[in-house]
Amino acid sequence: ETGVTQSPTHLIKTRGQQVTLRCSSQSGHNTVSWYQQALGQGPQFIFQYYREEENGRGNFPPRFSGLQFPNYSSELNVNALELDDSALYLCASSLGASLNNEQFFGPGTRLTVL
Amino acid sequence: QQQVKQSPQSLIVQKGGISIINCAYENTAFDYFPWYQQFPGKGPALLIAIRPDVSEKKEGRFTISFNKSAKQFSLHIMDSQPGDSATYFCAASSGGYQKVTFGIGTKLQVIP
């Protein structure tokens, strides 16, 4: 067990709605990254937060946004949901933002957009 | 645009055999190449990683071979076991940052 938890496990939304996904990092981990994993694909980097500030972003539109809180929890918010947003969303936490710090992934939230 | 190309997408190996998964990359700025293992219902977990200053790294039954000039790297699983059945992702990153680019994944099934 990595100690990284995500909620909810599954979620169904309709197109145009907004969704908030939550991640609880391991204690002491000041870095959290979010990934989108479409069915049959590898995870794609969405963005990273380091000490509550965005610290890098992948090729995702601004309707994907995030927050990181001092209590090692974080959120991924997606506005104006599209059908292609259906995927497994993974968060990964680490002790720091460099590659010397291993990322520990949570089990993910499966989002279905109808 | 797939920056890390992985093959095969599925692989069936008999118990005790060698599983081989291949990856190729385009971006010469990549300088860190991890492999992840993902079981159903779980997130990926780091298995083994290599930097381009070495051609091979071995940890137990898992070996990464790296060919910098060909921009290719591969994972070898020796003495494959049914418990190794999982999806394996090769990945790459650069500049010491955790923005990791993953391959498409290889679903490995080890049959008794």
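Definitions and limits used
Residues numbered from 1 in each chain as written. Chains lettered and ligands numbered in written order. Predicted model: local features only at pLDDT ≥ 70, side-chain atom pairs only at ≥ 80, totals over all residues. Heavy atoms only, no water. Helix = DSSP H or I, 4+ residues; strand = E, 2+ residues; numbered from the N terminus. Rg over C-alpha atoms; globule rule 2.2 N^0.38 Å. Buried < 20%, exposed > 50% of the residue type's maximum accessible area, 1.4 Å probe, protein only. Contact = heavy atoms within 4.5 Å. Areas by Shrake-Rupley, 256 points an atom, 1.4 Å probe, with all protein chains shown as cover. Lys, Arg positive; Asp, Glu negative; His and termini not counted. Charge placed at Lys NZ, Arg CZ, Asp CG, Glu CD. Patch = residues over 30% accessible without salt bridge, like charges linked within 9 Å, V, L, I, M, F, W, Y side chains within 5 Å. Salt bridge = Lys/Arg side-chain N within 4 Å of Asp/Glu carboxyl O. Phe/Tyr/Trp six-rings, centres within 6.5 Å; stacked < 30°, edge-to-face > 60°. Buried area = accessible area lost by both parts, 1.4 Å probe. Polar contact = N/O pair within 3.5 Å; in protein donor to acceptor, adjacent residues only side chain to side chain. Nonpolar A, V, L, I, M, F, W, Y, C, P; charged D, E, K, R; others polar. Pairing = 2+ DSSP bridges. Axes fitted to C-alpha atoms, helices over the stretch in contact; angles between N-to-C directions.

## A closer look at the overall build of chain B
Then, number 1: Within chain B one finds zero helices and eleven strands.
Then, number 2: Relative to the globule expectation of 13 Å for 112 residues, the C-alpha radius of gyration of chain B, 13 Å, shows essentially globular dimensions.
Then, number 3: Buried positions account for 43% of the 112 residues belonging to chain B.
Then, number 4: Long-range contacts, defined as pairs at least 24 residues apart, comprise 54% of the intrachain contacts of chain B with a sequence gap of at least 6.
Then, number 5: If you sum the accessible surface of chain B, you get close to 5500 Å²; carbon and sulfur atoms cover 49% of it.
Then, number 6: Mean positive and mean negative side-chain charge positions of chain B (11 and 7 charges, respectively) differ by 6 Å.

## Notes on the environment of T112 of chain A
Residue and element names in this part refer to chain A.
Then, number 1: Within the fold, T112 resides in strand β11 (residues 109-113).
Then, number 2: Residue classification places T112 among the partly exposed residues on the basis of a relative accessible area of 29%.
Then, number 3: Sequence separation between T112 and S33 is 79 residues, and the spatial gap between their C-alpha atoms is 21 Å.

## As for a nonpolar patch on the surface
Then, number 1: Taken together, I18, I20 and M78 of chain B make up a surface patch of nonpolar side chains, about 240 Å² in accessible area.
Then, number 2: Tracing the backbone through its elements, the reader meets I18 of chain B in the loop between β2 (10-14) and β3 (19-25).

## Some remarks on the packing of aromatic side chains
All names here are of chain B.
Then, number 1: Using the criterion set out here, one finds 17 aromatic pairs over all chains in the structure.
Then, number 2: A centroid spacing of 6.2 Å and a plane angle of 55° characterise the contact between Y25 and F73, whose relative ring orientation is tilted. Of this pair, Y25 sits in strand β3 while F73 is found in strand β8 (residues 72-77), placing the two residues 48 residues apart along the sequence. Here Y25 matches F73 in class, with each residue buried.

## Here we look at the interface of chain B and chain A
Then, number 1: Listed per partner, the contact involves 19 residues of chain B and 27 residues of chain A.
Then, number 2: For chain B, the biggest contributors to the area lost against chain A are Q98, K99 and F102 of chain B; these three give 36% of the whole.
Then, number 3: Linking chain B with chain A are two residue pairs in polar contact (both at pLDDT 80 or more), by the criterion used here.
Then, number 4: Class assignment for the residues of the side of chain B that touches chain A results in nine nonpolar, seven polar and three charged.

## Description of the sheet that holds β3 of chain B
Residue and element names in this part refer to chain B.
Then, number 1: Strand order in the open sheet formed by five strands is β1-β3-β8-β7-β6, with antiparallel pairing between adjacent strands. Because the sheet does not close on itself, it has two edges, and the strands there are β1 (4-7) and β6 (56-59). Averaged over all pairs of adjacent strands, the angle between strand axes in this sheet comes to 15°, irrespective of strand direction.
Then, number 2: Across four bridges, the pairing between β6 and strand β7 (residues 62-67) is antiparallel. Residue pairing in the sheet places K57 in a bridge with I64 of β7.

All quantities given are derived from atomic positions and should not be read as evidence of function.
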